[in-house]
Amino acid sequence: AILVAFTVQRYPRKSTSEVLEGFFDIWSRWEWPNPVLLGPVRQGRPDGWLCGNVWNPIHNRRDGAQVCPILTPVYPAMNSSYNVGRSQLRRMRYEFERGRMVVKDIINGKEGWGKLFEEDGGFWRRFQAYVRVIIRWGTEGDGEGWFRFVESRLRVLVAGIEGNEGGIEVHPWG
């Protein structure tokens, strides 16, 4: 929603198709990790606020290490996409570029709007190997905590695999 709002701010008097074209054009070319901001980030704590760490890559190295900062427009500004790693950003860039090309073809009359909503069937043909993780737990109440734990360990695994110099690309998909 923040990416859409950012796009609409830049195209306030454009048609829906022009805004959609602009959306894919902006995000396929965005120079990450430059943050996406809907307005200025308020650094001072408002009266009555007892907590709230504002996103600040200069003072907080964890904020500076984030690859896809999309900041919330309210106090305290936080990265709404803090879980996005290099592999997810790579996939997002691919989809933004694919969307840009499809919308271009639609506007030029080569395709209909339905093309934009078709799945990219090439995903399963692009790679030689896959790892499938199935998460199971005993009782219904245990599931959420166990799922979060496994999800956090998978993020560490993906970062570790990508951190190696072997040139391995990881594309988490769920």
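Every value quoted in this text rests on a predicted model; they were computed, and no experiment measured them.

Enquirer: Sorry if this is basic, but what is going on with a nonpolar patch on the surface here?
Expert: A cluster of nonpolar side chains, Val131, Val133, Leu154 and Leu157, forms an exposed patch at the surface whose accessible area comes to about 370 Å². On the secondary structure map, Val131 appears in the loop between α4 (86-107) and α5 (143-163). Here Val131 falls in the exposed class, since its relative accessible area comes to 77%.

Enquirer: When you look at unusual backbone geometry in this model, what are you seeing that I'm missing?
Expert: Note: most peptide bonds trans; most residues except glycine with negative phi. Omega for the peptide link from Trp32 to Pro33 comes to 15°, which places this bond in the cis form. Position of Pro33 relative to the elements: it lies in the loop between α2 (16-29) and α3 (61-64). Geometrically, the link from Tyr75 to Pro76 is a cis peptide bond, its omega value of -10° lying close to zero. Among the secondary structure elements, Pro76 is positioned in the loop between α3 and α4.

Enquirer: Would you mind showing me how to read helix α1 (residues 2-10) here?
Expert: Buried within α1 we find Ile2, Leu3, Phe6 and Thr7. The buried side chains of α1 occupy one side of the element, clustering within an arc of 140° when seen end-on. Taken together, the buried residues of α1 touch α2 and α4.

Enquirer: Would you mind going over the packing of aromatic side chains with me for this structure?
Expert: Two aromatic rings are characterised by how far apart their centres lie and by the angle between their planes. One pass over the full model with this rule turns up eight aromatic pairs. With 4.9 Å between their ring centres and 45° between their planes, Trp27 and Trp30 make a pair best called tilted. With a centroid separation of 5.7 Å and 25° between ring planes, the pair formed by Trp146 and Phe149 is classed as stacked. Highlighted residues: Trp146 and Phe149, both in helix α5, separated by three residues, approximately one helical turn. You can call Trp146 partly exposed: its relative accessible area is 38%. Feature note: the residues Phe6, Trp27, Trp30 and Trp32 constitute an aromatic cluster, connected by ring pairs. Just above the ring of Phe6 sits the side chain of Arg10; from NZ or CZ to the centre is 3.4 Å.

The rules behind each value
- Residues numbered from 1 in each chain as written.
- Predicted model: local features only at pLDDT ≥ 70, side-chain atom pairs only at ≥ 80, totals over all residues.
- Heavy atoms only, no water.
- Patch = residues over 30% accessible without salt bridge, like charges linked within 9 Å, V, L, I, M, F, W, Y side chains within 5 Å.
- Areas by Shrake-Rupley, 256 points an atom, 1.4 Å probe, with all protein chains shown as cover.
- Salt bridge = Lys/Arg side-chain N within 4 Å of Asp/Glu carboxyl O.
- Helix = DSSP H or I, 4+ residues; strand = E, 2+ residues; numbered from the N terminus.
- Buried < 20%, exposed > 50% of the residue type's maximum accessible area, 1.4 Å probe, protein only.
- Arc of directions from axis to C-beta.
- Contact = heavy atoms within 4.5 Å.
- Phe/Tyr/Trp six-rings, centres within 6.5 Å; stacked < 30°, edge-to-face > 60°.
- Lys NZ or Arg CZ within 6 Å of the ring centre and 35° of its normal.

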